[in-house]
Amino acid sequence: MNLHVCQPGYESFLAKELIFPPERSGPGWALGPDGKTELCFAHLSLISPSEVTGKSVNALAGAVADYFTTSTKDERFEGAWPLCLEAAGLPGLARRAKTIEEEISLKIKSRMSRVYKLAVPGRPALGPSRGLFAYMPDFDHVLVSREALGGGQRRMADDPQAPSRSYLKAEEAYGILGREPAAGETVVDLGAAPGGWSYSAARRGALVTAVDNGPLKGGGLHPGIAPRAEDAFKFVPPSPVDWLFCDMVEDPERIIALTERWLSEGWCRRLVVNLKFGRHDPLRLLDQAGILRRRCPSLRARHLFHDREELTLVA
Ligand SMILES: C[S@@+](CC[C@H](N)C(=O)[O-])C[C@H]1O[C@@H](n2cnc3c(N)ncnc32)[C@H](O)[C@@H]1O
């Protein structure tokens, strides 16, 4: 059984994405036999977790620390390891989880101070990792595992200079792709206004053509941004570019078709494309977006930490 963690409110989509129906689920999680590795809605999967029960902070923290101490008896720690505790989206639970995490840290520190010094709090990186992963589905239980699979989603730091909060999605998407625009690379940003994604690339030294039929905030003040007031569906780049960005509030099926056109014409090498699913079934869209894999086998689809009723494709 594996525990999959998603954004609270999106667990029904996560459940549909799993091959087998989950045995239990709640706001922000689903527990089931599923072993599928690439899930769009899962931010983190705890592999074969054990469940501990307790009524008090001390009892729960003690049980998790005992689990860790026992499971690490014959283990050598040479490098950094993730220590991650998250909680379901129930009122007041995040505060309790924080207190329990502090208590777990104190207990591990007092028992294994050298190992504790190597702990890195927070979500693990994309892919499989070994550390201590705990999740509270409610106030009296903790699911705990030494192995997890990270989806790569994470909260990004705000930048007061960024023209919009959408900026955070582009920043988060680079981590999932494992690449970010480099100085001198070219970007076409379709649906660029007010300009967060364009700013995110331009501040790295990329040269951005920002296409939108509306104005960029402040006219796209960054010297690396060239605004183009055009319909993004009609825009044809004069020459191929390194990156296609697309974040338009438009029918997601049209956006998939537009992305497919960019790929088949060879107009871009990499892409970050956001699909606003709204009333569309996101699972159907994920299937439809599968067509892009013919040209981009490395395509990843994620419901980002900063996504709402949308999902983001990177390749
Ligand atoms: C969610 S906003 C984009 C936010 C942007 N990524 C940012 O970081 O600030 C969507 C934008 O898509 C633009 N848009 C929608 N349909 C378009 C079209 N057919 N052609 C050009 N722009 C379009 C809208 O004008 C709007 O500015």
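Here the structure is a predicted model, which is why all the values come from computation and not from measurement.

K.L.:
Whenever I open this one, the site of the ligand confuses me. Can you help?
P.N.:
Near the ligand you find 19 residues, and of these S164, D212, A232, D247 and E250 are the closest. At 3.4 Å, a backbone N or O of P194 approaches an oxygen atom of the ligand. In this structure, E250 approaches the ligand through a side-chain N or O atom, which is 2.7 Å from a nitrogen atom. When the free accessible area of the ligand is taken as 600 Å², the share hidden by the protein chains comes to 85%. A per-class count over the shell around the ligand returns eight nonpolar, six polar and five charged.

K.L.:
Just to check I follow, could you spell out the sheet that holds strand β13 (residues 241-246) for this structure?
P.N.:
Strand pairing in a sheet relies on backbone hydrogen bonds. The paired strands run either parallel or antiparallel. Read across the sheet, seven strands follow the order β12-β11-β10-β13-β14-β16-β15 without closing on themselves; strand pairing throughout is mixed. Looking at the sheet topology across the chains shown, the edges are occupied by β12 (225-228) and β15 (300-302). Within this sheet the neighbouring strands show an average axis-to-axis angle of 15°, counted without direction. For strand β10 (residues 186-190) and β13, the ladder comprises four bridges, and the chain directions are parallel. Note on β13: the bridge partner recorded for V187 is W243. Here helix α7 (residues 252-264) sits on the sheet in contact with β10, β13 and β14 (268-276), set at roughly 175° to β14.

K.L.:
Explanation requested: the domain arrangement of the protein in the structure shown.
P.N.:
Many descriptions give the size of an interface as the accessible area lost when the pieces come together. Assigned domains within the protein: domain 1 (2-150) and domain 2 (167-314). Each of domain 1 and domain 2 has a C-alpha centre, and the two are 33 Å apart. The interface is formed by twelve residues belonging to domain 1 together with 16 residues belonging to domain 2. Among the residues domain 1 hides against domain 2, the three largest losses belong to Q7, C40 and L126. Together they make up 39% of the total. In this structure, the salt-bridge partner of R300 is E38, at a minimum N-O distance of 3.5 Å. For the interface between domain 1 and domain 2, the tally reads nine residue pairs in polar contact (both at pLDDT 80 or more).

K.L.:
In this structure, what is going on with the side chain of K276? I would like to understand it.
P.N.:
As for its placement among the helices and strands, K276 is situated in strand β14. There is a polar contact of 2.5 Å between the side chain of K276 and the side chain of D247. Excluding its chain neighbours within four sequence positions, the residues that come into contact with K276 are K169, D247, M248, V249, P252, E309 and E310.

Conventions adopted
Residue indices begin from 1 for each chain and proceed along its sequence in written order. At least 70 in pLDDT is required for a residue's local features to be given in this predicted model, at least 80 for side-chain atom pairs to be given and counted, and no such filter applies to totals for whole chains, interfaces and linings, which use all residues. Side-chain figures throughout are based on the complete set of non-hydrogen atoms in the structure, without hydrogens or water. A cutoff of 4 Å decides nearness: a residue is near a molecule or strand if any of its heavy atoms lies inside that distance of it. N or O atoms within 3.5 Å of each other form a polar contact, as long as, within protein, one can give a hydrogen and the other can take it, and as long as residues adjacent in sequence are counted only when both atoms are side-chain atoms. All accessible-area figures derive from a Shrake-Rupley calculation using a 1.4 Å probe, and residue coverage is judged against the displayed protein chains alone. Side-chain classes are defined by residue name, with Ala, Val, Leu, Ile, Met, Phe, Trp, Tyr, Cys and Pro counting as nonpolar, Asp, Glu, Lys and Arg as charged, and the others, Gly among them, as polar. Strands were regarded as paired on the criterion that DSSP finds at least two bridges between them. Under the scheme used here, helices are H or I runs from DSSP no shorter than 4 residues and strands are E runs no shorter than 2 residues, and both carry numbers assigned from the N terminus. Only the stretch in contact is used when fitting a helix axis, every axis being a line fitted to C-alpha atoms; angles between N-to-C directions are given from 0 to 180 degrees. In this description, contact between two residues means that some pair of their heavy atoms is separated by no more than 4.5 Å. Throughout the structure description, domain borders are defined by an automatic or database domain assignment. In short, buried area is how much 1.4 Å probe accessible area vanishes from two parts on joining, totalled over both. Just to be clear on terms, a salt bridge is a Lys or Arg side-chain nitrogen sitting within 4 Å of an Asp or Glu carboxyl oxygen.

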